[in-house]
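Here's the letter readout for the chains.
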Amino acid sequence: MTQPVAMTELWRGPLLESLHLGHAVICDDSGQIVQSWGDPDVTIYPRSSAKMIQGLPLITSGAAAKYGLNSEHLALACASHSGAHIHTDRVSAWLDHLGLTEHDLRCGPQEPQDMAARDGLILADDTPCQIHNNCSGKHCGFLTVAQHMGAGPEYLEIDHDVQQACLSALEETTGETSPAYGIDGCSAPNFATSLVGLARSMAWFASAADRSDRASDAAQQLTAAMIKHPELVAGENRACTELMRAMEGRAAIKTGAEAVFVAIIPEKRMGVALKIADGTTRASECAIAALLVHLGVLEAEHPATRKFMNAIQYSRRGIECGVIRPAPGFPG
């Protein structure tokens, strides 16, 4: 089957109001497909779901050790954060530690998703800066690697040592040659891969404890940091944070723009990757929750799960009016 399949439905009253189709793959520690839906070979941009892969050179290069980075730094390097003070204060401190400023970032300014931070900027008659960008932690990681390498300040250029290290990490963990790249929302190159390649990479992360090389040690550190600090990976009321908390250390998960989602499940030595064809985030959040329940690492009736899967929809007056739920037969 090469066409996307029904994954998420939105019902309003007696009618199916919206239907979201997609692709998904589960791989084991040998890189083989355990189960798939739609087209596992579809080529996608992983977007921010690849931040753990982009974080590997931060450790394998020796930069993290040189600058004394801890698990909070590593979680932020993998984060698409909400711009709350717990995120921006740590990013600012990281830049100070490097002897750099906000102007050395190349991610661009972004209004924080965190409402308290957004309101604080309004009350102070201030504007968002690059530190508020949801990718500022990843960019601090890039800057750390660039300084360690003695490379130039324009770390987003495709031929820069930092981006070439990220490309090598992607190709090594996916087992594929990337066919192309696009520019992500934070202006960094985002290297395309197949969905099964992305799931294979996540399974490589999940099985890292079985190996003893430097890259596998880096994968373990990044996965452990995400699991230890779910609030830094995203933020309050966000799917990554809420679902990782609900799983109590059993998996690390990461969203990406345009409805990509991945999961690293160490206890099963499995990796998961999915892409909703129409790019709708609510659909990818429901689908990843359904897959995690299917794999037995997330409770279907946990309050966090019910925010994203089988999630009751309410009117502005609090009247129950619909539900977002997995499509029949998915994941089966």
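Residues numbered from 1 in each chain as written. Predicted model: local features only at pLDDT ≥ 70, side-chain atom pairs only at ≥ 80, totals over all residues. Heavy atoms only, no water.

Draft legend 1. Fine view of the nonpolar core. Counting residues in hydrophobic clusters, the biggest one holds 104 residues, and the most contacted among them are Leu58, Phe205, Leu243, Ile253 and Leu292. Counting residues per element, this core draws most heavily on helix H8 (residues 195–206), at nine residues. (Core = buried A, V, L, I, M, F, W, Y, C linked by side-chain atoms within 4.5 Å. Buried < 20%, exposed > 50% of the residue type's maximum accessible area, 1.4 Å probe, protein only. Helix = DSSP H or I, 4+ residues; strand = E, 2+ residues; numbered from the N terminus.)

Draft legend 2. Representation of a nonpolar patch on the surface within the structure. On the surface, Leu16, Leu19 and Leu21 cluster together to form a nonpolar patch covering roughly 220 Å² of accessible area. Looking at the element boundaries, Leu21 is found in strand S2 (residues 15–27). (Patch = residues over 30% accessible without salt bridge, like charges linked within 9 Å, V, L, I, M, F, W, Y side chains within 5 Å. Areas by Shrake-Rupley, 256 points an atom, 1.4 Å probe, with all protein chains shown as cover. Salt bridge = Lys/Arg side-chain N within 4 Å of Asp/Glu carboxyl O.)

Draft legend 3. Focus on the confidence of the model for the protein chain. On average, residues of the protein chain score 98 in pLDDT, and 100% of them reach the 70 mark or higher. When pLDDT is averaged over each helix and strand of the protein chain, the minimum, 96, is found for strand S11 (residues 311–314) and the maximum, 99, for strand S9 (residues 260–265). (pLDDT = per-residue confidence, 0-100.)

Draft legend 4. Examining the pairing of strand S8 (residues 252–256) more closely. The buried fraction of S8 amounts to five of the five residues, a majority that puts the element mostly inside the structure. Pairing between S8 and S9: five bridges, direction antiparallel. The residue bridging Gly256 from the neighbouring strand is Val260, located in S9. In sequence, S8 turns back onto S9 through a hairpin of three residues, with Glu258 there showing a positive phi of about 60°. (Pairing = 2+ DSSP bridges.)

Draft legend 5. Broad picture of the pairing of strand S1 (residues 5–12). Examined bridge by bridge, S1 and S2 share seven bridges and lie antiparallel to one another. In the sheet register, Leu10 faces S2, and the bridge partner there is Ser18. Count of turn residues in the S1/S2 antiparallel hairpin: two residues, of which Gly13 carries a positive phi of about 60°. Here S1 pairs with strand S12 (residues 320–326) via five bridges, running antiparallel. Residue Leu10 lies in a different strand from S12, and its bridge partner there is Ile324.

Draft legend 6. Spatial organisation of the packing of aromatic side chains. The tally for this structure, following the rule as stated, stands at four aromatic pairs. Relative to Phe330, the ring of Trp37 has its centre 5.5 Å away and its plane inclined at 75°; by these criteria the two rings are edge-to-face. You can see Trp37 sitting in strand S3 (residues 33–37) and its partner Phe330 sitting in the segment after S12, a full 293 residues away along the chain. Each member of the pair, Trp37 together with Phe330, is buried. Between Phe142 and Tyr155, the ring centres sit 5.8 Å apart and the planes meet at 50°, which makes this aromatic pair tilted. Residue Phe142 is located in helix H6 (residues 136–149), and its partner Tyr155 is located in the loop between H6 and helix H7 (161–174); the two are separated by 13 residues in the primary sequence. Tyr155 gets classed as buried once you look at its relative accessible area, which sits at 0%. (Phe/Tyr/Trp six-rings, centres within 6.5 Å; stacked < 30°, edge-to-face > 60°.)

Draft legend 7. Broad picture of unusual backbone geometry. Backbone torsion omega between Phe330 and Pro331 reads -5°, so that peptide bond is classified as cis. Among the structural elements, Pro331 can be located in the segment after S12. Phi is positive for Asn237, which is not a glycine, with a value near 70°. Residue Asn237 is classed as exposed on the basis of its relative accessible area, which comes to 56%. The backbone of Glu248 shows a phi angle near 50°, a positive value even though the residue is not glycine.

Draft legend 8. Molecular detail of helix H12 (residues 281–294). Along its 14 residues, H12 runs 20 Å from first to last C-alpha, staying within 8% of the 20 Å computed at 1.5 Å per residue. Counting buried positions along H12 yields ten of 14 residues, so the element is predominantly enclosed. Among all positions of H12, only Ala283, Ser284, Glu285, Cys286, Ala287, Ile288, Ala289, Ala290, Leu291 and Leu292 are buried. Phi turns positive one or two residues past the end of H12, at Gly296, with a value near 80°. (Expected span 1.5 Å × (residues − 1).)

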